[in-house]
Amino acid sequence: MRKVTFSIGGIHPHDSKLSRDCKIEVLPLPQTMYVSMAQHLGAPATPIVNVGDKVLAGQVIAEPAGFISAYVHSPASGTVKSIAPRADITGRMVPHVEIAVEGDEWVEGVDLSDTLVTDITLDRAQILERIKQCGIVGLGGATFPTHVKLNPAPGSKAECLILNGAECEPYLTSDYRILLEKTREIIVGAAIMQKVLGGCHTVIAIEENKPEAISAVSEALASLPYSDIEVLSMKKRYPQGGEKQLIDAVMKRQVKSGGLPISVGAVVQNVATALAVYEAVQKNKPLVTNTMTITGDCLPVEKQHNYLFRIGMPLSYIAQVAGGVPESAAKIVSGGPMMGKAISNMDAATVKGSSSLLYLSEGSTRRHPASNCIRCGRCSDACPMGLEPFLLNRLNKAGDLEGLEKASVQDCIECGCCLYSCPANIPLLDYIRPAKAQVMGVIRARAAAAKAAQGK
Ligand code: SF4
Ligand code: SF4
């Protein structure tokens, strides 16, 4: 099988897939769940339930508050106890619906059986509406509403749908496990999205360090009635799962600065999103579950897990079921060690995009003191976006926003390759990230002013 990869930069961190052999276990329901109204990209959803209301699992409890927004559903049956702001994993206050769990009674019409449904009977418009109604968002990290991404603007044509099964971040194994355990469902999900996009060529892209997943998908494809879907092996290289890097690897096309994948004919979706699309369209099941990895270098083998969780379960509850937070954990991360977010609040609730509880030891998080830049250029060689991180650092220190924009800081994908490669231990991303946020603010303000001027 041909192996592909992206053309510039990248690094090869140890993959540390310690939980790769842990089968997905279903977590029992807790007594209380907290469902965030801001768990997708775009406007937070608006609650449509009141304190004291009885709700069923899969029932809509909040509606989208704009074009880029998503429905939110109850993850269990019970009573709405409160609707109030609550801290997320970083401590940011976000509106949540608190549900006192009383059972697992579902709304009518949801097929919870394991029977595989391969006939795709809904038409394009019906599929998009079902995906919207079921609150499906991208589960690869961005949480962009899927019905919007699958509906390109008039004049844009999808030539290739790429399903991201790279899971290139060290430690994470939830995508790998669903590729093994929900193989056929993911392929049906891919075929549904292919139908919505007008029957374009479809690639399921998986890194070479997951040969069992590549075999499982290849075998399942041969037994299913779909055409023009292929599996592609990618070289193990971080950040292989980045949207622009995947498009480069698979289509040999580059998305320009500020451009969208569809500008080069590509639509990228994660394999977990494909599974959610299958469940929505073929089973009428809203997005109230996802898979997450419990792992880290300070967890013994028997405490590593892959869990099917209900969205809204508190992290502290999941940690307790998994055997508790290890004493040696110096840092707890949601997501992978390269791009994940440090968790400052274990009472926070899981959201649609939660993918891991990663416990890292002092040894793996210790940073040596930074020294002066020796102008070795390794950060530039490692940058998959072709940027010059040492220059961005210098411009940031000088407060030169114009220079930062000219040097394309807005194209930084915050992958951390520069930081990982720097022999002087300069925490480059710590400086580049806020500089990017500032420049993005300037670009947005300029666009808004231009739009307002046009309207006059
Ligand atoms: S974090 Fe940004 S600047 Fe650093 S390597 Fe990644 S894309 Fe380049
Ligand atoms: S890798 Fe570090 S030391 Fe080398 S040029 Fe970049 S910032 Fe300077």
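Residues numbered from 1 in each chain as written. Chains lettered and ligands numbered in written order. Predicted model: local features only at pLDDT ≥ 70, side-chain atom pairs only at ≥ 80, totals over all residues.

J.: What should I look at first to understand the site of ligand 1 in this one?
T.: Near ligand 1 lie 15 residues; those nearest to it are C383, C412, C415, C417 and C418. Looking at the shell around ligand 1, the elements that each hand over two or more residues are helix 13 (417-421) and helix 14 (428-455). Ranked by residue count, the leading element in the shell around ligand 1 is helix 14, at 3 residues. Of the residues contributing to the shell around ligand 1, the split by class is 13 nonpolar, 1 polar and 1 charged. (Near = placed C-beta within 6 Å. Helix = DSSP H or I, 4+ residues; strand = E, 2+ residues; numbered from the N terminus. Nonpolar A, V, L, I, M, F, W, Y, C, P; charged D, E, K, R; others polar.)

J.: Would you mind going over the packing of helix 3 (residues 174-181) against helix 7 (residues 271-283) with me for this structure?
T.: A packed helix pair is summarised by two numbers, namely the angle formed by the two axes and the spacing between the axes. Contact pair helix 3 / helix 7: the axes reach a minimum separation of 9 Å and the direction vectors enclose 45°. Considering the angle they form, helix 3 stands oblique to helix 7. Classified by chirality, the crossing of helix 7 by helix 3 is left-handed. Between helix 3 and helix 7, the residues in contact are D175, I178 and L179 and V271, A272 and L275, respectively. Tallied by class, the residues present in the contact of helix 3 with helix 7 amount to 5 nonpolar, no polar and 1 charged. (Axes fitted to C-alpha atoms, helices over the stretch in contact; angles between N-to-C directions. Parallel < 35°, antiparallel > 145°, perpendicular 65-115°, else oblique. Left-handed = near helix turned anticlockwise from the far one by under 90°. Contact = placed C-beta atoms within 7 Å.)

J.: How do you make sense of the sheet that holds strand 1 (residues 3-4) when you look at a structure like this?
T.: Strand pairing in a sheet is mediated by backbone hydrogen bonds. Such pairs are either parallel or antiparallel. Ordered by their spatial adjacency, 5 strands build an open sheet running 1-12-11-10-13, and the pairing between neighbours is parallel. Across the chains shown, the open sheet's two edge strands, defined by having one partner strand only, are strand 1 and strand 13 (266-270). Across 6 bridges, the pairing between strand 10 (residues 160-165) and strand 11 (residues 201-207) is parallel. Its bridge partner being in strand 11, N164 is matched across the sheet by A205. Where helix 5 (residues 211-223) meets the sheet, it contacts strand 10, strand 11 and strand 12 (229-234), and its direction lies at approximately 165° from that of strand 12. (Pairing = 2+ DSSP bridges.)

J.: What am I meant to see in the nonpolar core here?
T.: Nonpolar side chains in soluble globular proteins tend to end up buried together. I162, A205, I206 and V277 are the most contacted members of the largest nonpolar core, which has 120 residues in total. Considering each element in turn, this core owes the most residues, 9 residues, to helix 7. Once residues within four sequence positions are removed from consideration, I206 is found in contact with G165, A166, L179, A213, I214, V217, V231, S233 and M234. (Core = buried A, V, L, I, M, F, W, Y, C linked by C-beta atoms within 7 Å. Buried ≥ 20, exposed ≤ 12 C-beta atoms within 10 Å, placed from the backbone.)

J.: Can you walk me through the site of ligand 2 in this structure?
T.: Neighbouring ligand 2 are 15 residues; C373, C376, C379, F390 and C422 lie closest to it. Elements represented by at least two residues in the shell around ligand 2 include exactly helix 10 (378-382) and helix 11 (389-397). Residues that form the shell around ligand 2 fall into these classes: 11 nonpolar, 2 polar and 2 charged.

J.: I tried to follow the packing of helix 3 against helix 5 on my own but got confused; where do I start?
T.: Remark: helix 3 packs on helix 5, axes separated minimally by 8 Å, with the N-to-C direction vectors making an angle of 35°. The two elements helix 3 and helix 5 meet at a crossing, and its hand is left-handed. Facing Y176, L179 and L180 of helix 3, the residues of helix 5 in contact are E212, A213, A216 and V217. When the residues that make up the contact of helix 3 with helix 5 are grouped by side-chain class, the tally is 6 nonpolar, no polar and 1 charged.

J.: What should I look at first to understand the sheet that holds strand 6 (residues 60-63) in this one?
T.: Judged by pairing direction, the sheet is antiparallel, and its 3 strands sit side by side in the order 4-6-7 without closing on themselves. In this open sheet, the two edge strands, each paired with only one partner strand, are strand 4 (46-47) and strand 7 (72-73). Strand direction decides the pairing type here: strand 4 and strand 6, joined by 2 bridges, are antiparallel. Paired with P47 across the strands is A62, a residue of strand 6.

J.: Where do I start with unusual backbone geometry in this structure?
T.: In terms of backbone geometry, most residues other than glycine have negative phi values and most peptide bonds are trans. Residue P239 is reached from Y238 by a cis peptide bond, and omega for that bond is 0°. Non-glycine residue E167 carries a positive phi angle of around 40°. The residue E167 is located in the loop between strand 10 and helix 3 in this model. When the 31 C-beta atoms within 10 Å are taken as the criterion, E167 is described as buried. Residue E414 is not a glycine yet carries a positive backbone phi of 55°. Its place among the elements puts E414 in the loop between helix 12 (401-406) and helix 13.

J.: How do you make sense of the environment of T291 when you look at a structure like this?
T.: Positionally, T291 belongs in strand 14 (residues 289-296). Exposure remark for T291: the 23 C-beta atoms within 10 Å place this residue in the buried category. C-alpha of T291 to C-alpha of E25: the two residues are 266 residues apart in sequence and 9.2 Å apart in space. Other than its neighbours up to four places away in sequence, T291 contacts I24, S174, R177, I178, A272, N306, Y307 and L308.

J.: Would you explain the environment of V277 in this entry?
T.: Positionally, V277 belongs in helix 7. Measuring from C-alpha to C-alpha, the distance between V277 and P28 comes to 24 Å, with 249 residues separating the pair along the chain. Among all residues touching V277, those that are not within four sequence positions of it are I131, I136, T146, G189, I192 and M193.

J.: Help me out: how do you make sense of helix 11 in this one?
T.: The α-helix advances 3.6 residues per turn, and as a result positions three or four apart in sequence lie on the same side. Every buried residue of helix 11 is listed here: P389, F390, L392, N393, L395 and N396. Against the buried residues of helix 11 lie helix 10, helix 12, helix 13 and helix 14. Downstream of helix 11 by one or two residues, G399 has phi in the positive range, about 65°.

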